[in-house]
Amino acid sequence: MPNFALVTNNDLIDNPSPRCACMLVLDTSGSMSGDAINQLNEGFQHFINAVQQDEVAACSVDVGVITAGGRVVEQLPFTNVMSLEAVQSFGASGNTPLGEAVNLALNKLDNRKREYQKNGVAYYQPWLIIISDGSPTDSYQHAAAQSRQLSQDRKLVCLPIGVEGADVAVLSEFSSRGAKALSGLKFQEFFEWLSASMSRVSASASTSSAVQLPPTNSWESI
């Protein structure tokens, strides 16, 4: 399990910037062993570093990580990116309980939204990123339907990413946008795109504004 060094404070009081909650559900099953998990770890570290270099995004983006590798683990509770001091690596083992992981992610996103409301902090539409190289090994249909409905109602930006070998059709069930296929193991390119997207969202004039996201052709398998 990775250890995240955090700055402990009441960040919603100390930092009242409008927030964008970004939850990552990562498939860390045994099939991700080797180059895939190494590239995923490097890409995620690159994402954190890139967001931290953007002063506005660093104050606005709250990131959380849930892994599905044999069992579901909340590796990182929602934390403002500015408060993250170190990120260690994920390992890969076991099967892919993706339905359970997404269900937990949706609960955590809803709880985070309630915290924003309780503290009077404005927030952008939350993001759910799902990365998998296979298909769920558990009963995923309820979580997929819930995620897809939230996406359709524009209450959630849900982006499933299929690594080589993924069942893209199944992953597409989680979002009204469908799933995107990653070209090869271009995790760093994907996380560069994600950090640029977070920067654009954080810099938008209104939390209800539509944001033009960067093109995905740098990492997407067209």
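Described in the following lines is the structure provided in the data block. Since the structure is predicted, the reported quantities are computational estimates derived from the model, not experimental observations. Throughout this document, residue positions are counted from 1 along each chain, in the order its sequence is written. Where local features are concerned, this predicted model is filtered to residues with pLDDT of at least 70; where side-chain atom pairs are given and counted, the filter is 80 or more; whole-chain, interface and lining totals use all residues. To obtain the side-chain values, all non-hydrogen atoms of the structure were included, while hydrogens and water were left out.

## Side note on the overall build of the protein chain
Counted only if it meets this: Numbering of helices and strands runs from the N terminus, with a helix taken as a DSSP run of H or I at least four residues long and a strand as a DSSP run of E at least two residues long. Only C-alpha atoms enter the radius of gyration, while the globule expectation follows 2.2 Å times N to the 0.38, with N the number of residues. Each residue's exposure class comes from its accessible area (1.4 Å probe, protein chains only) as a fraction of the maximum for that residue type: buried when under 20%, exposed when over 50%, partly exposed otherwise.
Helix and strand counts for the protein chain stand at seven helices and eight strands. Computed over its C-alpha atoms, the radius of gyration of the protein chain comes to 16 Å, within 12% of the 17 Å expected for a compact globule of 222 residues. On the principal axes, the C-alpha backbone points of the protein chain span a range of 40 × 35 × 30 Å. Buried residues in the protein chain amount to 51% of all 222 residues.

## Considering the pairing of strand 3 (residues 61-69)
The following threshold applies: Two strands make a pair as long as DSSP finds a minimum of two bridges between them.
With nine of nine residues buried, strand 3 is to be regarded as a mostly interior element. Here strand 3 shows two buried faces, one formed by Val 61, Val 63, Val 65, Thr 67 and Gly 69 and the other by Asp 62, Gly 64, Ile 66 and Ala 68. Here strand 2 (residues 20-27) runs beside strand 3; their pairing, made up of eight bridges, is parallel. What sits directly across from Cys 20, in strand 3, is Val 61. Across seven bridges, strand 3 lies against strand 4 (residues 71-80) in antiparallel orientation. Paired with Asp 62 across the two strands is Asn 80, which belongs to strand 4. Linkage of strand 3 to strand 4, two consecutive antiparallel strands, is achieved through a turn of one residue, within which Gly 70 is found at a positive phi near 85°.

## So, helix 2 (residues 35-52)
The following threshold applies: For a helix, the expected span equals 1.5 Å multiplied by the number of residues minus one. Relevant arc is that of directions from the helix axis to the C-beta atoms, nothing else.
The end-to-end C-alpha separation of helix 2 is 26 Å, in line with the 26 Å expected for 18 residues at 1.5 Å each. Among the residues making up helix 2, those that are buried are Ala 36, Ile 37, Leu 40, Asn 41, Gly 43, Phe 44, Phe 47, Ile 48 and Val 51. All buried residues of helix 2 lie within an arc of 165° about the axis, which places them on one face of the element.

## A look at the packing of helix 4 (residues 98-118) against helix 5 (residues 141-152)
Put simply, the rule is: Axis lines are fitted through C-alpha atoms, for helices just across the contact stretch, and the angle between N-to-C directions can take any value from 0 to 180 degrees. An angle counts as roughly parallel when it lies under 35 degrees, as roughly antiparallel when it exceeds 145, as roughly perpendicular when it falls between 65 and 115, and as oblique in every other case. Take the far helix as your reference; a near helix turned counterclockwise from it by less than a right angle gives a left-handed crossing, and one turned clockwise gives a right-handed crossing. Contacts are assigned to residue pairs that have any heavy atoms within 4.5 Å of one another. Gly is placed with the polar residues, together with every amino acid not listed as nonpolar (Ala, Val, Leu, Ile, Met, Phe, Trp, Tyr, Cys and Pro) or charged (Asp, Glu, Lys and Arg).
Contact geometry of helix 4 with helix 5 gives a least axis separation of 9 Å together with a crossing angle of 40°. It follows from the interaxial angle that helix 4 and helix 5 lie oblique. Of the two elements, helix 4 crosses helix 5, and the hand of that crossing is left-handed. Facing helix 4, whose interface residues are Gly 99, Val 102, Asn 103 and Leu 106, helix 5 presents Ala 143, Gln 146, Ser 147 and Leu 150. Its residues assigned to classes, the contact of helix 4 with helix 5 shows four nonpolar, four polar and no charged.

## Describing the sheet that holds strand 4
Working definition: the strands of a sheet are paired by backbone hydrogen bonds and lie parallel or antiparallel to each other. On the basis of which strands lie adjacent, the open sheet formed by six strands has the order 4-3-2-6-7-8 and mixed pairing. Of all the strands in the sheet, just strand 4 and strand 8 (180-181) have a single pairing partner and so form its edges. Where helix 2 meets the sheet, it contacts strand 2, strand 3 and strand 6 (127-132), and its direction lies at approximately 170° from that of strand 3. Sitting on the sheet, helix 7 (residues 187-203) is in contact with strand 2, strand 3, strand 6 and strand 7 (157-162), with an inclination near 175° to strand 6.

## Notes on the pairing of strand 6
The following threshold applies: When the strands point away from the viewer, a crossover counts as right-handed if the route from the first strand across the helix to the second turns clockwise.
Counting buried residues in strand 6 gives six out of six residues, a clear majority hidden from the surface. Covered by surrounding structure in strand 6 are Trp 127, Ile 129 and Ile 131 together with Leu 128, Ile 130 and Ser 132, the residues of both alternating faces. As paired elements, strand 2 and strand 6 share five bridges and run parallel to each other. Directly across from Leu 26, in strand 6, lies its bridge partner Ile 131. Pairing of strand 6 with strand 7, which is carried by six bridges, proceeds in the parallel orientation. Residue pairing for strand 7: Ile 129 is matched across the bridge by Leu 159. Read from strand 6 through helix 5 to strand 7, the crossover connection turns out right-handed.

## Comments concerning the environment of Ser 206
For Ser 206, the position within the fold is in the segment after helix 7. We classify Ser 206 as partly exposed; its relative accessible area is 27%. Sequence spacing of Ser 206 and Tyr 123 is 83 residues, and the spatial spacing of their C-alpha atoms is 9.4 Å.

## Describing helix 5
Here helix 5 is 12 residues long and its end C-alpha atoms lie 16 Å apart, about the 16 Å a rise of 1.5 Å per residue gives. Turning to helix 5, its buried residues number three or more, namely Ala 143, Ala 144, Ser 147 and Ser 151. Down the axis of helix 5, the smallest arc covering the buried residues is 100°, so these residues share one side. Away from the buried face of helix 5 by more than 90 degrees, exposed residues His 142 and Gln 152 are located. Contacts made by the buried residues of helix 5 are with helix 4, strand 6 and strand 7. Immediately beyond the C-terminal end of helix 5, within one or two residues, lies Arg 154, with a positive phi of roughly 60°.

The analysis is restricted to geometry; functional conclusions fall outside its scope.
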